[in-house]
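Take a look at the letters that make up each chain.
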Amino acid sequence: MDLLAENNVCGQTILRLVARGNSIIAELMRLSDFVPPVFRLESKAEQQKYGDVVLDFTYFKAPDGFNKKIEDSPVLLDIDDEIRESHSSIVARLYSAFESIHRYVTDLNSFLQDLNEGTFIQRTLENMFTNADGKQLMCEGLYLYGVMLLVVDLLFPGLVRERVIVAHHRHAGHRASTDTNIDDVCKLLRSTGYSAAHGTKRPLNYPEDYLRRVALPANYVSLVLGHLRSDDIYHQVEAYPSPEHRSAALANQAAMLVVCLYFTPATLNSQTARMREIVDKFFPDNWVVSYYMGITLNLIDAWEPYKAAKQALNNTVVIDNIRDQATKFSTKMAKLLKQSDQLLAEGTISEGRVLDHSPRILNLLRECNVTLRWAVLHTASLAKTGAEGNKRCKAVRDQVVNDMQYSPMTVFKLMINTATLELDLNQTFKKLVEDKEARWDKYRQEANQQALELAEVFAGSRPLARVAKNDRLNTWFKDIGEEILSLNLDDPASAGRKIIQLIQALKEVKEFHGLEGSAGVIQAIGEVVVALQSLVRVAGINEDSLVTLSLISDLSYAWVLVDEYTGIMQSAIKKDPSHVARLRATFLKLSSGLDLPLMRINQARSPDLMSVSAYYSGELVSYVRKVLQIIPETMFGLLAKIINLQTEKIKPVPTRLDKDKMRDLAQLPERYQMAELSQGVAVLGEGVAMMETTLVGVIQVDPRRLLEDGVRRELVALVARILHTGLTFNTKVKGSELYRRLTLVEQQMTGFRISFEYIQDYISMYGLKIWQEEMSRIVNYNVEQECNQLVKKKISDHESSYQSTAIPIPKFPPSDSNSVNFIGRLVREILRITDPKVTVYVGQLGTWYDSRGHIEVLSSSVMAKIESSISTAGLTGVDKLLAFLIVQELQTLVHEIEVACKKDAAVKEALRTISPQLNPNSEIVGQPVRQYTGWIQRTNKLTMQVVERIMKVGQMQILRLHAANRLNSSCRFDAKYLAAALQTMNNSLMADVKQHYADPTRPYPDEDGTLTSELSVLLEWCGMTQPLDRIYITTSSLKSLSLILLLTVIAQISKIHYTKSIGGLMSIRGSEGVDGEPLVVGLVTVLRQYHQDHTLHFLQLLAQYITSYTAHTATSGSKTGDFPHEATTGLGLLHEVARELSVPLKTLSLFVPQHILAVHSG
């Protein structure tokens, strides 16, 4: 029975295990890019903030102590909650990947135990190695385990692993599956002390101690090493018949052997003869190996600690051998480059040439690939091969570079020539294999037809000069025709022999029958022979050549190292954009590296196939994007010159002009320069279009899409840079830079947008659409990142719907301690300018004035300025960030009040004594001046905090009102139909909702909330929102809220007064630090978050305050007509709050007598 048959339990078990090993490595590589920075603790600030919460394995020595320390500190508890909410999903996935390594080795040990116990019928550990597939899988099982551990230590530093495992244990350990043994995972993956950073020393006995943490059967390891050492387990030598290519043929097996040797350090240390045998067979002319998907190892450094291994390798890395190898490959490279250039100069490889000379072409490609492998691996920078700190490695590499006269351009040329030839040959071979039967029938019919024509000539029915009738030849040629028709492609070997015999017979018939005198007969026989020879070549066509080509064209060793040639590729493209078409072959050659990890996954029919192939394909596509990004970069370099011409040099032509000024306005040199730049942009666009649509792994790469993504990438980078540098404010200067900065950004963005729209036709793209989409994405992403400061559950880049790997939005270091990016700086600069402590807001004018000098500080036109500078998306982003800041202030305010009511003894006592004296609210408070003043003093500390929060909320609400107003007016002017449609839709939806609550039998219009959420986003963009009616936070009932708000308000009444001229409240003196309008709006916002009962109770308490002061003044003997300041200001405040909260005058009349209310309106 075939070992890999579906009903073979033994074969399927080891096959699925090996497939899982490849999937685990892919997952580890994928996750290495998503480790949250908080677990790396690289900066001092991160260490100070997270050091007590993000713990390594020291946690397990005293878990209760660490947990208690965190639980006893509110700050640490908040940080712990933040980490749990923000990173729990990625931490769980990382832990799952780590745990899968332990499960892999556990399952491998179980499989080996089952083999030893005879669980699998007719299968033992030893006879698994007698089967070709079994031998490969058994070796791969050990090799992949070694690769997993090496990769996890390379990509995830030891302390990072420990912190992730501890975080998972603390946050989700109790929910983890019961079969998870965290102790074993910790034992396997605890820190080894190894670091890939430059300048760090390799730990003692590394990695052999690390690989022995979970023991594997010694006989299994010995069998694996024995077969890897002595056999050609993958039959690669068949594809490399030349003895000179033996080390290249066994390169992948050599990499497996290097990894597996770490499981038996005794071999590396003391078995000199065995190590000498290994080096002589696998490393006689090389010392750098790629052991998995381009991850390389320099044996000079890797085998340095091992006596026997080092001694054996010294024979290879002697100066003379290095020089000989470098000189040999240098000579080969020059020769091969010349031969491949000649072959390519003749055009595409024709089918005839392939049929005639395929062995020669394959030999050339074999030599090219062997030379490329050696050159790429042994000239690679030491930073890539992991031996940067080894002096001997540096000396050897320098010698190779000098002796070889290494030129990256030469290597690149050979790589691109080889890839192009391989692609052409592969396509030709495939076409020949596909058309094999059709060609066979065609040539057979031709040969038969020509043989029958000759028979007719000798029958006398087809006259030919100087040919007499000959019945014997007539019969003989008829027989030949029948023999030709009987040729069968099902048995190509037999058919080939018969064809050779027929050709020989045709050649002999010319001699024996004296036919040389008839040129016509000779020509006809020659045509039959040519057709038969074509049949021989067709019979020789098979898929073996394709297999050989795929084996020798492997470039997986350069999966990482190819990045060293990126600059050369980009230079070639920049010089001649048509190079993109040739680079396509190189990218396809690189994609051959996907076969290595995917083969076993595919054989096992694993569900991981799509995931793993998508990951590696995505990585390769990212590299393709990186190489081709030079085209958009060059385009935008030309665009910068176009912007300069359009904004500074070329004058706009008026609709009417004098004839005398026509020459001046023509500006012919500038316009010629503009045309030249535009042509350069168009040529670059054509260069990408020359690359055909290509399937890279499982991802279809469309060159036009690549170009568009590249253009978007450059656009995003430049716009983000403009916004970052332009919207940075110096808060130490007198006044504000706000308008100047916004104007500067507006000029830059306008010039950039106009020029970008100008070139859109030259690159066949929708410039305005791209501009608006990317501008929106930049703003939304920056708002999201800014809001991350304000929420516990932070959105990482890989979770963000706005960030993209293909078109990344750059992140810049913060310019100040408060803001993360430009949108935060802009909003905080506006808040600084309009601070209620130093400004007065006049609602009728929509303007802020300096409270001391009464100079205008900011007007409502600032929103229009923001919109013209950073677009509608920018203004919407400002509005959204203000909403988040309001939420933060309200949450802090509510928290402070709740804490004071529960824990502050003075506040608790004051509220306990004040509350009964104000009940019922309809009664007048005696001696209000003494009573209210005393109460204010007792709660002064709390009310000072509360009023500051309330005014901040009010300030931001007023700004939101201005933003909504600007957005709404822009929408009505620029998109009136959209505005009308949204308004109608909103009214209709609200009507349906109201009908549902009036009559619950009617269906709710939006059961899943999708329509409401989508509509609300559109309404916010169009400014059709009511910020003052918004519920920002969820609250629980707070009994003393109304009383605390009353005490807060009346504490400020002595500082403000109602001014009829502006129709609002303002501070009496500029130095009071209180502004009436933000106070009222903030108060309204706070009350809006609670049940209406709190609002009515607050209004009753404020009415009681007003009537008490009015009654006290009336009974104290004051002159008629005098009205106390407290009462007039209180009435103004009462009316403003009631108006904003839509409380009718009729309701107020229940709390305040009509004649007192009339004082305010009169």
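By the naming in an unreviewed UniProt entry, the protein goes by WASH complex subunit strumpellin and is assigned to Petrolisthes cinctipes. According to UniProt, the comment filed for the protein under the heading Sequence similarities (unreviewed entry) is "Belongs to the strumpellin family."

Trainee: Explanation requested: the sheet that holds strand β7 (residues 856-859) in the structure shown.
Mentor: Note: strands within a sheet are paired through backbone hydrogen bonds, in either parallel or antiparallel orientation. The sheet built from 3 strands is open, its strands ordered β5-β6-β7 with antiparallel pairing. Every interior strand has two partners, whereas the edge strands, β5 (839-842) and β7, have only one. Strand after strand, the sheet turns through a mean of 25 degrees between neighbouring axes, direction not considered. Of the strand pairs in this sheet, β5 and strand β6 (residues 847-850) are connected by 4 bridges, and their pairing is antiparallel. Residue pairing across strands places V842 opposite T847, the latter belonging to β6.

Trainee: Would you explain the pairing of strand β2 (residues 295-298) in this entry?
Mentor: Each regular strand carries side chains that alternate between the two faces of the sheet. Residues of β2 alternate between two faces, with I295 and L297 on one and T296 and N298 on the opposite face, all of them buried. Examined bridge by bridge, strand β1 (residues 288-292) and β2 share 4 bridges and lie antiparallel to one another. Residue pairing in the sheet places V288 in a bridge with N298 of β2. The antiparallel pairing of β1 with β2 creates a hairpin that spans 2 residues between the two strands, and M293 there sits at a positive phi of about 45 degrees.

Trainee: Would you mind going over the pattern of salt bridges with me for this structure?
Mentor: Opposite charge on two side chains permits pairing when their charged atoms draw close. By the definition in use, this model includes 54 salt bridges. Its salt-bridge partner being D435, residue K431 comes within 3.2 Å of it at the nearest N-O pair. Judged by relative accessible area, K431 falls into the partly exposed class, the value being 40%. Classification of D435 by relative accessible area gives partly exposed; the value is 24%. A salt bridge links R828 to E786; the nearest nitrogen and oxygen atoms lie 2.8 Å apart.

Trainee: Where do I start with the packing of aromatic side chains in this structure?
Mentor: Any two aromatic rings considered together are summarised by their centre-to-centre distance and by the angle between their planes. Tallied over the full model, the rule gives 25 aromatic pairs. When the centroid spacing of 4.8 Å and the interplanar angle of 15 degrees are considered together, the rings of F329 and W374 count as stacked. With F329 in helix α17 (residues 319-345) and W374 in helix α18 (residues 351-378), the pair connects residues that are 45 residues apart, well separated along the chain. Accessibility classification places F329 together with W374 in one group, the buried group. Taken together, the ring pairs connect F57, Y59, F60 and F66 into an aromatic cluster.

Trainee: I'm lost on the packing of helix α21 (residues 408-434) against helix α28 (residues 579-591) in this one. Help?
Mentor: In a pair of packed helices, the angle between the axes and the distance between the axes together describe the arrangement. The N-to-C vectors of α21 and α28 enclose an angle of 80 degrees; their axes lie 8 Å apart at closest approach. When the axes of α21 and α28 are compared, the pair comes out roughly perpendicular. Side by side, α21 and α28 meet where F412, M415, I416, N417, T418, A419, T420, E422 and L423 of the first sit next to R582, L583, R584, A585, T586, L588 and K589 of the second. Of the residues belonging to the contact of α21 with α28, the class tally is 8 nonpolar, 4 polar and 4 charged.

Trainee: Sorry if this is basic, but what is going on with a nonpolar patch on the surface here?
Mentor: On the surface, V653, L657 and M662 cluster together into a nonpolar patch covering about 260 Å² of accessible area. Locating M662 in the fold gives a position in helix α32 (residues 662-666).

The rules behind the values
Residues numbered from 1 in each chain as written. Predicted model: local features only at pLDDT ≥ 70, side-chain atom pairs only at ≥ 80, totals over all residues. Heavy atoms only, no water. UniProt positions renumbered as here; feature names shortened; annotations may be inferred. Pairing = 2+ DSSP bridges. Helix = DSSP H or I, 4+ residues; strand = E, 2+ residues; numbered from the N terminus. Axes fitted to C-alpha atoms, helices over the stretch in contact; angles between N-to-C directions. Buried < 20%, exposed > 50% of the residue type's maximum accessible area, 1.4 Å probe, protein only. Salt bridge = Lys/Arg side-chain N within 4 Å of Asp/Glu carboxyl O. Phe/Tyr/Trp six-rings, centres within 6.5 Å; stacked < 30°, edge-to-face > 60°. Parallel < 35°, antiparallel > 145°, perpendicular 65-115°, else oblique. Contact = heavy atoms within 4.5 Å. Nonpolar A, V, L, I, M, F, W, Y, C, P; charged D, E, K, R; others polar. Patch = residues over 30% accessible without salt bridge, like charges linked within 9 Å, V, L, I, M, F, W, Y side chains within 5 Å. Areas by Shrake-Rupley, 256 points an atom, 1.4 Å probe, with all protein chains shown as cover.

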